[in-house]
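Secondary and tertiary structure notes
So the chains spell out like this:
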Amino acid sequence: MGMCKPSGGKMSQTGRIGSLKKEGMPNTRIDLFNENGELIQQRWYGPDGRAVLNRDWKHSKKGGEHKFPHNHFECWLQSSLC
Ligand SMILES: [Zn+2]
């Protein structure tokens, strides 16, 4: 099972960074779009339905410059983003 081709399928949602849930359908990916229809974030859910990876395509540059897209891995032990 490759990370980029989730076996459970792909979904899309409109919202903003922070809109996506920590848990979802197992083995799926959600593409999050803003009101302008721009892809801003993708989130992958693992076999247990917990988010395993976020890929950010667009967000504020507070705290320094970012390259887009970039990945954030979910740390479930700490229940926060690493
Ligand atoms: Zn980010």
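Residues numbered from 1 in each chain as written. Predicted model: local features only at pLDDT ≥ 70, side-chain atom pairs only at ≥ 80, totals over all residues. Heavy atoms only, no water.

1. Concerning the pairing of strand β1 (residues 10–14)
- Counting buried positions along β1 yields zero of five residues, so the element is predominantly exposed.
- Pairing of β1 with strand β2 (residues 29–33) involves five bridges; the strand directions are parallel. Following the sheet pairing, serine 12 is matched in β2 by aspartate 31. (Buried < 20%, exposed > 50% of the residue type's maximum accessible area, 1.4 Å probe, protein only. Helix = DSSP H or I, 4+ residues; strand = E, 2+ residues; numbered from the N terminus. Pairing = 2+ DSSP bridges.)

2. Here we look at the side chain of arginine 55
- Its location among the elements puts arginine 55 in strand β4 (residues 51–56).
- Aspartate 31 is the oppositely charged side chain nearest to the buried, salt-bridge-free arginine 55, at an N-O distance of 8.6 Å.
- Among the polar contacts made by the side chain of arginine 55, one reaches the side chain of asparagine 71 at a distance of 2.8 Å.
- Excluding residues that lie within four positions of it along the chain, arginine 55 makes contacts with Ile40, Gln41, Gln42, Trp44, Pro69, His70 and Asn71. (Lys, Arg positive; Asp, Glu negative; His and termini not counted. Salt bridge = Lys/Arg side-chain N within 4 Å of Asp/Glu carboxyl O. Polar contact = N/O pair within 3.5 Å; in protein donor to acceptor, adjacent residues only side chain to side chain. Contact = heavy atoms within 4.5 Å.)

3. Observations concerning the pattern of salt bridges
- A full pass over the atoms with the stated rule returns two salt bridges.
- Between glutamate 38 and lysine 58 there is a salt bridge, with the nearest N and O atoms lying 3.1 Å from each other. You can see glutamate 38 sitting in the loop between β2 and β3 (39–45) and its partner lysine 58 sitting in the loop between β4 and β5 (70–75), a full 20 residues away along the chain.
- Of the residues examined, glutamate 38 reaches a relative accessible area of 32% and is grouped as partly exposed.

4. Some details on the coordination of the zinc ion
- Around the zinc ion, the protein contributes the donor atoms Asp56 (OD), His59 (NE2), His70 (NE2) and His72 (NE2), which lie 2.0 to 2.2 Å from the metal centre.
- Relative to the metal, the four donor atoms surrounding the zinc ion lie at angles of 83 to 166 degrees, and the coordination shape comes out irregular.
- Each donor residue of the zinc ion lies on the same chain, and together they follow the pattern D-x2-H-x10-H-x1-H. Here histidine 59, found in the loop between β4 and β5, pairs with histidine 72, found in strand β5; they are 13 residues apart in sequence, far enough to count as distant.
- Taking relative accessible area as the criterion, histidine 72 reaches 21% and is therefore assigned partly exposed. (Donors = N, O, S within 2.8 Å, 3.2 Å for Na, K, Ca; no water. Tetrahedral: all angles 85-135°; square planar, octahedral: opposite > 155°, others 65-115°.)

5. Remarks on the side chain of aspartate 56
- Its place among the elements puts aspartate 56 in strand β4.
- For the buried aspartate 56, no salt bridge exists, and the shortest N-O distance to an oppositely charged side chain is 7.1 Å, to arginine 43.
- Within polar-contact distance, the side chain of aspartate 56 engages the side chain of histidine 72 at 2.7 Å.
- For aspartate 56, the residues in contact, after removing those within four places along its chain, are Ile17, Ile40, Gln41, Phe68, Pro69, His70 and His72.

Just distances and angles here, no functional claims.
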